[in-house]
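As a plain string of letters, each chain reads:
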Amino acid sequence: MSKIQEQMNLAAIHEFLTNNLMDTKSPMSYEKKFDTFYYVGDKRIFAESTRIGFDITEGSDVNAHMHEINYIDFETVFKASEHRFSYDEENETLTVTGESEKHEAPYKVVINSIYMEF
């Protein structure tokens, strides 16, 4: 992936974190839950609220990690240098797309803004 695309990916994560009032300089804080949807091709595989850690500090290798999802069949670690991140301000979602040997089709993970616990 090009350095320009990687910088665009980091900018998308930064926008998402800023929208959710999260510190963009604090790596891998797992304090907040997000509604998360995992798709392979057009089929939704799962949807649940989960804690996701984000790290966009300089030198970080992993930029997003769904540490509560521990199924071997799913991708749970995402890197700006390997995956495509896009932020949709209108829907307040961060989408991560990629390809994996674990799946027969491209996958995407849609992360909604903060899941509020009552």
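This text goes with the structure placed above it.
If you're wondering where the values come from, they're calculated on a predicted model, not measured in any experiment.

1. Comments concerning the nonpolar core
Core analysis: the biggest nonpolar cluster contains 26 residues, and Phe54, Phe85 and Leu94 have the highest contact counts within it. Within the residue set of this core, elements represented by two or more residues are helix 1 (3-19), strand 1 (33-40), strand 6 (84-88), strand 7 (93-98) and strand 8 (107-115). Of the residues forming this core, the biggest block, 5 residues, is contributed by helix 1. Once residues within four sequence positions are removed from consideration, Phe85 is found in contact with Asn9, Ala12, Ile13, Ala64, Phe78, Lys79, Ala80, Leu94, Thr95 and Val96.

2. Some words on the pairing of strand 6
Side-chain alternation along strand 6 places Phe85 and Tyr87 on a buried face and Arg84, Ser86 and Asp88 on a face that remains uncovered. By the bridge criterion, 5 bridges tie strand 6 to strand 7 in an arrangement that is antiparallel. Across the sheet, the residue bridging to Tyr87 is Leu94, located in strand 7. The hairpin formed by strand 6 and strand 7 contains 4 residues between the paired strands, and Glu92 there has a positive phi angle of roughly 55°.

3. Remarks on helix 1
Helix length check: helix 1, at 17 residues, gives a terminal C-alpha distance of 24 Å against a target of 24 Å (1.5 Å per residue), a fit within 8%. Listed as buried for helix 1 are Gln5, Glu6, Asn9, Leu10, Ala12, Ile13, Phe16 and Leu17. With its buried residues spanning 150° around the axis, helix 1 presents them on a single face. Of the exposed residues in helix 1, those oriented more than 90 degrees away from the buried face are Lys3 and Ile4. Positive backbone phi, at 55°, marks Leu21, one or two positions downstream of helix 1.

Conventions used here
- Residues numbered from 1 in each chain as written.
- Predicted model: local features only at pLDDT ≥ 70, side-chain atom pairs only at ≥ 80, totals over all residues.
- Heavy atoms only, no water.
- Core = buried A, V, L, I, M, F, W, Y, C linked by side-chain atoms within 4.5 Å.
- Buried < 20%, exposed > 50% of the residue type's maximum accessible area, 1.4 Å probe, protein only.
- Helix = DSSP H or I, 4+ residues; strand = E, 2+ residues; numbered from the N terminus.
- Contact = heavy atoms within 4.5 Å.
- Pairing = 2+ DSSP bridges.
- Expected span 1.5 Å × (residues − 1).
- Arc of directions from axis to C-beta.

Without other data, these values stay purely geometric and don't point to any function.
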